[in-house]
Structure formats: C-alpha cells, structure tokens
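Structure at a glance
Chain by chain, the residues:
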Amino acid sequence: MTAISSYARALAAASGTAVPTATVRHVHLAARPLILVPLAMAGEANAPLAAMVGTERERPELLVVPQPRNRDLRFAFAARLAEIFLPYVLGFAADIEELTNGPRTVDAPQLIVPNQAGVAFVRLFGRSTRFRTTTGDYAVEPSVPLLGRWLTFFAERAEVPGSSLMPAATEMLSLHWATGQSALEDANLAALMGWIDPPAGADGPAAARLAEDPRHCPPAGPTTDPGFDNEVLAPAIAAYDAVTDPSQLPDAVKRLEEALHSQLQPTWDLVWRALDRLRVLPGGASVPGRWEVDRSRYTGFHTYMIEEGLPQARRDGAVAAARRLNRMERAQASYDAERAFDDPLVMADHRVTGEAFLGSVVAVDRDRRVPNGRGKGRLVTRPLVTLRTEDPVRLALGMKVVATRRRRQECVVTALEPCDAGILVTLEAQNGMGRSAAPAPGSVPEVGESLCYSSVLADGVRSATMPEAEDTPWTHGGPPQPYEPSEQDTAEAWE
Amino acid sequence: MHPGESVQDRTESRLDRIRGSAPPRRHDARTIAALTRNPGCARRGVLDAAGVDKDLLARQVGFPAAFGQSRFAIVRGNVFEARVKADGCVDLLRMFHECLGSEPGGTEPGGTAAGEPLLVTGDAEPDETLAARHERTVAALRTASGTDRPVLITHPLLRLAVGGQDVHLEPDLVLVRPGGLFHVVEIKSFPVIDGQAEGEKVAAAAIQAAVYVLALRRLLGRPDAVSHDVVLVCPRDFSNAPMATRIDVRRQLLVLDHQLARLSAVDALVAALPPDLTFDLAPGPDGRPTRPAAELAAGLSRLDARYTPDCLSMCELAFRCRHEAAGRTAALGPSVREELGGVETVAEVLELAAGTRAPTADQAEAADRLRTTARMYAAGLAAGPATEHAAGDRGPTP
C-alpha cells in the first residue's frame, strides 16, 4: 500500500463509494477481447467444471464438464475450449507490419479473466494440457496440447508488470479505484464492483455486503460456493452418473448446464460492466507502447509455435530463471515510472515520498558551459535550473531526475538548500538541447514555469551478465537437460 | 473464592459459566494452529478457552460465518487417504525412505532388512472411551520404539494441554523408525505440481503437523525422540498418485511453544470480566437458541477483538468483528493502517489530513504526512485529464 492509495481508502470508507487512484487508464483494452470465466471442482487438482467464454457480451458460450473426475471429459472440455480459443488467438497473426528488427502483428489477442485465481487456473490448465500426446495411449485431440502451450504463454505474460495480454478484472479495477474495504476483500469481483458501481439506491458497503452472500451473488470462481456444491451441483452430477439409458443423457446434462449457468452468468456480466467502467477513462500516454511489447511477444511466440512448438519446460533452468526475473524487475521499474509520468495522481505518490516534486522555476543559467571532463579543454552546454518547491523533497545530490513535461531531458541534482517555506532545488540539464553550443529555443525551462521532476525512472535496474544456459555452473545445478517428451508426461493425469 | 480453590480451578469455573449449558467445543490441531495467527485477540482467546461454539454464536448475533466445506473436497480427501494407506502402506514406506534418507546412526526408515512395516491401528474401536483409546496409543508408541522394524501407527490419539485443558488430537500417521525416531505424517489432498504447492496450504499443514510433534514430544517426555522433520503426503501433479515431501517444522514449533505458554494469560483476561458474563445460547425444547441477540452482542462488546481482514478466512466471528470495526483504519488492512500513521479511526485520519483536528503529541508526525498526502491527492486528481480542472501540471506533453 502506498500513502495515496491508503488515504484514498480512508476517503472511500468515509464517503461509502470508491474514489479514483488514477486519472487515466493504465491498461490496454482490446476492441474485441476474449472473456473467460472458469469454474473448477472443489478439492480436485485444477479439474475444470465449467466455463463461460466468448467475445460477444450477449452470446457467451457455456462449456460444462458433467463429471469433472472423468479425465476423458476433462480433455473433451479442453478440446471444446480450444475450438473457441485457438481461432481467436491465431486470428491476429496474419496482419503484420514489418519493422527494422522483424515483423510484428498490428494487433494481438487479449484474454480477460475475472480475478487473480482465474489467472492461476489458466496457468495450471495450461500445465495440465501442454504435455499431452495426440497418439498412443491416453491420446487427446491435437488442439489440446496447442491450447496448453498458448494458455501457458498467456499465463507467463500475466506475471510481467504492465502486460495487458491477460489481465484480471479485479486487478484492473484496483489499479484505478480505491474502495473503503481491505485489499483482501477487493479480490471479490462482485464486492469490488459494488463499491465502484453500486446498484441504484445502495452505497458501497451495502452493495459489497450483499455481493459477499453466495446466495445472492455466486463467487467469481474458479472455486464454487460450497453451499451450491452440496445442494445443487452434487445431486445434479449424481443424477448424470446414474443415467443408464443414453436417451436420458441430454436431460441430465441440461440440468447441469442450467445450474452452472446460474453460477457463471452474474460474473460474466460483472466482467463486462468492469470493462465499461474502464473504457470511459482516457488511455495513458505510454499504454500503446506497452501494448507494442505485448504484440511483439505474441508475434514471437506465434513464430516459435510454427517453427519449434515444444511445450514450455516444467520449471525454468537456473539461467533462464535469472534472466526472467531480471526482465520482470526491469518491466516493473519502467511500468512504475511510465504510470507516474502518464498520471499526476500516480505521481502524487512519489511526491508524498519525496522522490518527485512540483516546483516553479526561479532562476535559470541558460548559457552555462563546463569542461566535458574528457580533457582537451572542450566545453559542453550544461544549463542550471533552480526551482522552489514546498514538497517534502528527499533527493540526494547527483541523483537523476526528469520532468513530466520534458521527458527527453535528463537533469542531475546539484544543490539543495532550504529557503523560506520551502526548498530550492538546483538541477543541471544534461541533454535534450540540440547540437549547437547555445541550447535550442524552448529546450531549457524558463523562469516562472511550473514543473514536476521525478527520480523514479525506468533505468534503475541493472543486472550482471548471465552465462549461456549450457555454461550453467554446478552451484546452480549445471546445464539443464534439454526437454524430451516422455511417457511419464502423458500417463500422469490418468493415474 | 473458596479457601483452597486454585487460580486454575477458578478460571475453569468462570470459563464454564461463560460457555453456559452447551458441551464444550474442544480445540483441535486446526484451532490450535489458528491461535498462532492473531494471538492478540482477547475475544477469540477467551471464547476458545471456554469452548464456546463460535459458529452458533455468530449465527445467533446475526453474522453467520461463510465457512463451509464442499462435499467434493471431503470426498477427494477421503479417497486420497484411503489410496495412500492401501496395500499395507508398503508404497508409503518406500516414499518415506526416499524423502527422509538414512540417518547417520544407520537407521533406515524403510527398514531394509526387516522388510514390511508393522501396522498398528489407533483408530477408534466400538464403544471405546477416549481415555482407553489414548491408553492404547501410549502403549503402542512405547512398544514401537523398541522394535527393529519400522512401525506405522494410524490415527493415534494424542493429548496436549492447551490453556490448562486437555485437548485430544489425531494425526493421520506416525512413523517410528527402527532406531526409535518418531516422524509425524500428514496426508493432504492438495496437489504438488512440478514440486510446488500452494504456499498457504503448505503453511497450514506445517503448523498443524507441528502441533502433533509437540503433543508427541510431551507425551513421550523425550523431545529428541520426535523428529522436527515431518512428512507431508500429497497427490503428485494432476494425478491421485501420492508423493512425500519432508518439511522442517522447527520454526513452527518455536511459535507454537510461545503461543501455548501465552495462553495461560487467559486467567488474567477472565479475571477482568464481569462475573455474570455468559454466552449461553439457552436452547429451547427444540434445541434452537433462544437467547436474545442483543444480550449476546452486549456480552461480546465486553471482550476486546483485534480484527484484521485476515480474520475473515479463519474465524467464525469475523463478520461480527468486521461490523464493529467499521470506520476503523484496522479494517482496511494492517499495511493501510500503517501508511495512515497508525491513527485509529478513518474520521480522525480525514480530520488530521484536512487540518481540522489538532494532533496529539505522538500524532504530530503522522498528521504532517497526512496533510501532505491530502494536498498531493487533491492536486493530482485536479491535474488529471478526466476532470475539467486545468491548473498546474497537466502531465506529459505529447
């Protein structure tokens, strides 16, 4: 929790309605996302029970596993999901733009799940399907392992900060609004939406309490309400199991479908309502840039699937894991910085902690030139800008800062001195002034200008160089074994 | 107080009064484990010590808990345990051998030479009293440490003193290695996928197993005879095939030891309560509680609760406590409360932030920060493109 989001929670608790913690939208919303609301059977290891899936609000597709303990039916479910999922995902691959460093699709698929547990379901379902074989014993439909590999790809991207390939509705909402309840309670999509968009005549707390009652509002899954399991689902599954006459099977399935539909439809509607709320917000300036990265990753994985297509490893090797961690840290740093530069309300957080400040320019030494430090008596242009601020600045001399409105110009803090009711911060501009000796017009701030400088920048994370995977030292388990499909992969889920 | 009555007896009779006519709900490994989370809650401490049925109490005061277990989960748990124990546990023993390895002393968990394990069942027999069953367990445990074959005791009945009361506990399995070293075995039905399981579930299983280790150590009177390495048996990946994992519970044992020692503090808590306080639900002829909710609620207000949002997942009274905590910063979560400078109520926070309330000496620093935060929040909101305000910094230029 940050100072701003905590204060916002206090405001929300007092007013009974959610308050904004962002003024722009920080996630990309696709024009035609694929929504997936999965349900799993309690107690089992990621056994799919049902799913509502589709790209059209009015026409969701309902998939049901009549007996989730039956492995054949589980993989039949996977095959049906693949029928919807794969055409959607692969449909973005044809439209390509050529860039200097290779092709990139002009758009990418976006999979949206209700909550973080939905992301975990996709990850595990990808794990349980991506190693399946399509021949021999325990064969599955050819689409099933493909589905598994793609789901795994989406789940891995979902861990990367700033990626919008598979966002969870609850996470997107929490990024933009603070409620008057705890983060733990915010994990309930219905309760969260109760605060953000309460039904007419109710306030946030009342709507959230109502949303927590499983009889009034089924949980957003994948775990189902135990009461529903015991009273409705168990008898319906038992009835399905008891069918001996094949002509009665459709009726038994229909009963299950109706029961599960009642559990899924409310969450389906909530996810779409959440998207409505998010679409109203104007997009942040750096959102398209992050979506470009997502498009590149999608293009790259699509190419990999055509050229090699082996399933992702069960666990990363040491080098791959270290690289991945490093990539995530970098992504986090740049995501944090970009969001703050896009959004003054996110920047407010850094201003509270003193990592950023808003000040007005009181003095400028525009034509200052200093030796470049590399000998030969060359001089470089290094203007000094002094700002007065009342913010609680906590910067150190030598720190790099950038202004929100002058993002191409890096400055270094050269002096900090208290003055009446505030602090005088002197910055030395390093670049972004053109090539000639005198700074280009407008490239140096002017007296009277109001600027917000931040030291939270994207380039904060450095890493040591990693050895190649085949040079992994023995301390880290030695070089990883290359993946080879084995009997064990396919037998495991049928034991 | 009658002459000769000890503090313990007095507390015991007070706790009986607090519980009323209902039979006491005794602790089990789960509730003891729960004590290690939020140990500072006096309400839970007293009600648990008295053995009050918190679920029924919560219902009667109008805040029923949302705990329920799905039939599917119960079935899966039973099926898995039966499968693990099938075939005389030979398979299980092989897994123990793999995950525990052999000790420097040369004792093999699989008992290479001796072959098959000796199975002793500690499960309840018809018409057996708890005391008799416990005696049988004690005898079995003592005999087991003397044999040269590995011994597996299923569902032994252990006893542990918690807050001055004996609590009966039933581990799934206890393994006794030929050298006389005991291992607690827990069978859980959550999966271990590619060597990883859900952290929260593993943590809960570890602390539960630690309760059994502690009970076994106290029962045998020889702490070094019971290993701090417990064995967790779970389904592997997406299958029903079991796999065993060794877990070191030394840390959990320390926490438990500490918490159980603290439980004696119930004496002091109870002594401070009005003598006529009771949560007797006064069941009518049909067994339904007849005690007015208002009376019970008034009683609850005499017991200080320390509510945190975590309580929602582990305490039957959490909804009631959350209701009471409305308007308090603690209800928003511990980290939010901390960010707000530890100020008690939301109203105070907002008044300090607005500068309409004079801070106390120890609130000065928090108030300063809250005022800054409020100013920054308002400025940030006003500067965003979503509003009509155009003052100040409007963010990046394209």
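Residues numbered from 1 in each chain as written. Chains lettered and ligands numbered in written order. Predicted model: local features only at pLDDT ≥ 70, side-chain atom pairs only at ≥ 80, totals over all residues.

Examining the overall build of chain B
Broken down by element type, chain B carries 15 helices and eight strands. In chain B, once contacts between residues fewer than 6 apart in sequence are set aside, the share between residues at least 24 apart is 64%. (Helix = DSSP H or I, 4+ residues; strand = E, 2+ residues; numbered from the N terminus. Contact = placed C-beta atoms within 7 Å.)

Some remarks on the overall build of chain A
Counting its secondary structure elements, chain A contains 14 helices and 16 strands. Principal axes of the C-alpha set define a box for chain A whose edges measure 95 × 60 × 45 Å. The proportion of buried residues among the 495 residues of chain A is 44%. In chain A, the proportion of contacts linking residues at least 24 apart, taken out of those at least 6 apart, comes to 66%. (Buried ≥ 20, exposed ≤ 12 C-beta atoms within 10 Å, placed from the backbone.)

Describing the interface of chain B and chain A
The partner chain A presents 56 residues to the 51 residues of chain B that form the contact. The element contributing the most residues to the side of chain B that touches chain A is helix α15 (residues 364–383) of chain B, with nine residues. Residue composition of the side of chain B that touches chain A, by class: 28 nonpolar, 17 polar and six charged. (Nonpolar A, V, L, I, M, F, W, Y, C, P; charged D, E, K, R; others polar.)

A short note on the domain arrangement of chain A
Taken domain by domain, chain A comprises domain 1 (3–340) and domain 2 (356–455). A separation of 45 Å is found between the C-alpha centroids of domain 1 of chain A and domain 2 of chain A. (Domains from an automatic or database assignment.)

Things to note about the nonpolar core
In this structure, Phe154 of chain A together with Val211, Tyr212 and Val213 of chain B are the most contacted members of the largest nonpolar core, which totals 219 residues. Among the elements that line this core, the one with the most residues is helix α8 (residues 199–220) of chain B, at 10 residues. With residues up to four places along the chain from it excluded, the contact list for Val213 of chain B reads Val184, Val226, His228, Val230, Val249 and Leu253 of chain B. (Core = buried A, V, L, I, M, F, W, Y, C linked by C-beta atoms within 7 Å.)

Some thoughts on the sheet that holds strand β12 (residues 384–389) of chain A
All names here are of chain A. Spatial strand order, β9-β12-β15-β14-β13-β16: six strands in a closed barrel with antiparallel pairing. Averaged over neighbouring strand pairs, the angle between their axes works out to 45° when direction is ignored. The pairing of strand β9 (residues 356–365) with β12 spans six bridges and is antiparallel. The residue of β12 that forms the bridge with Ser360 is Arg388. Lying on the sheet, helix α13 (residues 344–353) is in contact with β9 and β16 (450–454); it crosses β9 at an angle near 80°. (Pairing = 2+ DSSP bridges. Axes fitted to C-alpha atoms, helices over the stretch in contact; angles between N-to-C directions.)

Here we look at helix α7 (residues 130–144) of chain B
With 15 residues, α7 of chain B should cover 21 Å at 1.5 Å per step; its first-to-last C-alpha distance of 21 Å lies within 8% of that length. Of the surrounding secondary structure, the elements contacted by the buried residues of α7 of chain B are β1 (118–121), β2 (151–154), β3 (158–162), β5 (173–176) and α8 of chain B. (Expected span 1.5 Å × (residues − 1).)

Observations concerning the packing of α13 of chain A against α15 of chain B
Running from amino to carboxyl end, α13 of chain A crosses α15 of chain B at an angle of 155°, the nearest separation of the two axes being 8 Å. Judged by the angle between their axes, α13 of chain A and α15 of chain B are roughly antiparallel. Handedness of the crossing formed by α13 of chain A with α15 of chain B: right-handed. In contact with Pro344, Leu345, Met347, Ala348, Arg351 and Val352 of chain A of α13 of chain A, α15 of chain B contributes Thr372, Thr373, Met376, Tyr377, Ala379, Gly380, Leu381 and Ala383 of chain B. Tallied by class, residues from the contact of α13 of chain A with α15 of chain B come to 10 nonpolar, three polar and one charged. (Parallel < 35°, antiparallel > 145°, perpendicular 65-115°, else oblique. Left-handed = near helix turned anticlockwise from the far one by under 90°.)

Some remarks on helix α1 (residues 3–15) of chain A
Residue and element names in this part refer to chain A. Here α1 contains 13 residues, and its C-alpha end-to-end distance of 18 Å stays within 8% of the 18 Å for a straight helix at 1.5 Å per residue. Extensive coverage of α1 is indicated by the burial of 11 of its 13 residues. Three or more residues of α1 are buried, namely Ala3, Ile4, Ser5, Ser6, Tyr7, Ala8, Arg9, Ala10, Leu11, Ala12 and Ala13. Positive backbone phi, at 75°, marks Gly16, one or two positions downstream of α1.

Looking at the pairing of β12 of chain A
Residue and element names in this part refer to chain A. Of the two faces of β12, only one is covered, namely that formed by Val385, Leu387 and Thr389; the face formed by Leu384, Thr386 and Arg388 stays uncovered. Relative to strand β15 (residues 422–429), β12 runs antiparallel, the two sharing six bridges. In the sheet register, Thr386 faces β15, and the bridge partner there is Thr426.

Focus: unusual backbone geometry
Geometrically, the link from Gly221 of chain A to Pro222 of chain A is a cis peptide bond, its omega value of -5° lying close to zero. You can see Pro222 of chain A is positioned in the loop between α8 (204–212) and α9 (226–242). Residue Ala421 of chain A is not a glycine yet carries a positive backbone phi of 50°. Mapped onto the secondary structure, Ala421 of chain A falls in the loop between β14 (406–419) and β15. For Ala421 of chain A, a count of 7 C-beta atoms within 10 Å translates into the label exposed. Phi is positive for His155 of chain B, which is not a glycine, with a value near 40°. Following the sequence through the fold, His155 of chain B ends up in the loop between β2 and β3.

A look at the environment of Glu446 of chain A
Residues and elements named next belong to chain A. Mapping Glu446 onto the fold places it in the loop between β15 and β16. Looking at Glu446, the number of C-beta atoms within 10 Å reads 10, which means it is exposed. Between the alpha carbons of Glu446 and Met347 there is a distance of 22 Å; along the sequence they are 99 residues apart. Ignoring any residue separated from it by four or fewer positions in sequence, one finds Glu446 in contact with Val361 and Val364.

Overview of the sheet that holds β1 of chain B
Through backbone hydrogen bonds, the strands of a sheet pair up, either in parallel or in antiparallel fashion. Residue and element names in this part refer to chain B. Read from one edge of the open sheet, six strands run β1-β2-β5-β6-β7-β8, paired in mixed fashion. Taken across any chain shown, the strands that pair with only one partner, and hence form the sheet edges, are β1 and β8 (242–248). The sheet shows a mean angle of 25° between the axes of neighbouring strands, direction not considered. Against the sheet, helix α6 (residues 90–100) makes contact with β5, β6 (182–187), β7 (229–235) and β8, and its axis sits at roughly 40° relative to β8, the strand it touches most.

Focus on the packing of helix α2 (residues 71–90) of chain A against helix α4 (residues 143–158) of chain A
Residue and element names in this part refer to chain A. Following both chains from N to C, one finds α2 and α4 inclined at 65°, their axes separated by 8 Å at the closest point. Helix-helix and strand crossings are classified by hand; for α2 and α4 the assignment is left-handed. Between α2 and α4, the residues in contact are Phe75, Ala78, Ala79, Leu81, Ala82, Glu83, Phe85, Leu86 and Val89 and Ser143, Val144, Leu146, Leu147 and Trp150, respectively. For the contact of α2 with α4, the per-class residue count stands at 12 nonpolar, one polar and one charged.

Thoughts on the pairing of strand β6 (residues 102–105) of chain A
Residue and element names in this part refer to chain A. Where strand β5 (residues 96–99) and β6 come together, four bridges link them in antiparallel fashion. Bridge pairing links Leu99 to Gly102 in β6. In sequence, β5 turns back onto β6 through a hairpin of two residues.

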